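Summary of structural features
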Amino acid sequence: MDLSLLLVALILGIVEGLTEFLPVSSTGHLIIVGDLLGYNDDTSKVFKIVIQLAAILAVCWDYRERLIKVAVGLPTQPSAQRFVWMLFIGFLPAAILGLMFHSTIKGLLFNPITVATALVVGGLIILYVEKRAYHPRINDVDEMRWPDALKVGFAQALAMIPGTSRSGATIMGGLIFGLSRKTAAEFSFFLAIPTMFAATAYDLYKNWALLRIEDLPVFAVGFVASFIAAMWAVKSFIKFISNHTFIVFAWYRIAFGIFVLATWYFGWVEWSEP
């Protein structure tokens, strides 16, 4: 096994785990970093699916007590049934629109330049949202009603554009629609579970023929790196937003996006063509 390929797997796994649940776009970072490292062939498609699965399993582990409580209480407890109903409603927009436009978006928009543009635009939107008057009316996920979940679900669907950020879209959408910062972040994490499991299963089905036993060590390194990084990122993110706004993520997105666009415009880096 090529040690350099294992190092690439380690780097991309860490990138996925650190960025999946932050409002900075994990898909966008994987496209850009993968392009820089020259890991953007057919095998990389399956690899990215595997490390994304690791990240979502990490958030399941972090919130295992809540998820077990919901699973146990689902047959009899109205609160557990309501929680699952909220997730289902929030999941629907991305599921329906994803089935309709998945192939088109993958074929046309998955390139570094589109990602960089979306990073900048998303950063500007975060700055706009943060400058608005902030008067949350929902301070816990259990206080949400189905219209709240549906609106956040439509916001999440915007993340089909790479570079937008699924967590960024849901969290900013949540803030606009009256959720507190912590509630918006936690609902984003919970909503990621059905959304990402469905997307992972669909992508794996579409790319099943690309699976090879010799790639197992590379996938294993990326999986473990992504799982550990995601566990740390989720816990740190919740602590961070307890006392801070999302403005730092906005400026990071804008700076990173402009940097990538500048390297493309001046020909410093030969990015994959849009």
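No experiment lies behind these values; they were computed from the predicted model shown. (Residues numbered from 1 in each chain as written. Predicted model: local features only at pLDDT ≥ 70, side-chain atom pairs only at ≥ 80, totals over all residues. Heavy atoms only, no water.)

**Considerations on the packing of aromatic side chains**
This model, assessed by the stated rule, comprises 15 aromatic pairs. A centroid spacing of 5.7 Å and a plane angle of 75 degrees characterise the contact between Phe237 and Phe249, whose relative ring orientation is edge-to-face. Here Phe237, found in helix α10 (residues 216–241), pairs with Phe249, found in helix α11 (residues 247–265); they are twelve residues apart in sequence, far enough to count as distant. Judged on exposure class, the residue Phe237 and its partner Phe249 are both buried. Aromatic rings pair up to connect Phe21, Tyr63, Phe83, Phe189, Phe190, Phe237, Phe240, Phe246 and Phe249 into one cluster. Here the basic side chain of Arg64 rests over the ring of Trp61, its NZ or CZ set 4.0 Å away from the ring centre. Positioned over the ring face of Phe83 is Arg66, at 4.5 Å from the centre of the ring. (Phe/Tyr/Trp six-rings, centres within 6.5 Å; stacked < 30°, edge-to-face > 60°. Helix = DSSP H or I, 4+ residues; strand = E, 2+ residues; numbered from the N terminus. Buried < 20%, exposed > 50% of the residue type's maximum accessible area, 1.4 Å probe, protein only. Lys NZ or Arg CZ within 6 Å of the ring centre and 35° of its normal.)

**Quick word on the pattern of salt bridges**
Pairing is possible between side chains that carry opposite charge, provided their charged atoms lie close to one another. Across all of its chains, the model carries nine salt bridges by this definition. With its nearest N and O atoms 3.9 Å apart, the salt bridge here joins Lys235 to Asp62. On the criterion of sequence distance, the pair formed by Lys235 in helix α10 and Asp62 in helix α3 (residues 42–62) is long-range, its members being 173 residues apart. Taking relative accessible area as the criterion, Lys235 reaches 47% and is therefore assigned partly exposed. Among the ionic pairs, Glu130 bridges to Arg181, the shortest N-O distance being 2.8 Å. In this pair, Glu130 is assigned in helix α6 (residues 112–131) and Arg181 in helix α9 (residues 181–206), connecting sequence segments 51 residues apart. Classification of Glu130 by relative accessible area gives buried; the value is 14%. Here the salt bridges do not stand alone but share partners, grouping Arg137, Arg145 and Asp148 into one network. (Salt bridge = Lys/Arg side-chain N within 4 Å of Asp/Glu carboxyl O.)

**Topic: the environment of Gly173**
With respect to the element layout, Gly173 can be found in helix α8 (residues 166–176). Classification of Gly173 as buried rests on a relative accessible area of 5%. Placed 28 residues apart in sequence, Gly173 and Ala201 show a C-alpha to C-alpha distance of 26 Å.

**Notes on the UniProt feature "transmembrane region" (unreviewed entry) in the protein**
On the UniProt side, "transmembrane region" (unreviewed entry) is annotated at positions that read residues 83–102, 108–129, 187–205, 217–234 and 246–266 here. Strand forms 0% of residues 108–129 and helix 91%; the C-alpha atoms that close the span are 29 Å apart. Here residues 187–205 runs as 100% helix and 0% strand, with 27 Å between its end C-alpha atoms. (UniProt positions renumbered as here; feature names shortened; annotations may be inferred.)

**Section: α8**
Burial of α8 is extensive: ten of the eleven residues sit out of reach of the surface. Among all positions in α8, only Arg166, Ser167, Gly168, Ala169, Thr170, Ile171, Met172, Gly173, Gly174 and Leu175 are buried. Turning to α8, the residues buried within the fold contact α6, α7 (146–157), α9 and α10. (Contact = heavy atoms within 4.5 Å.)

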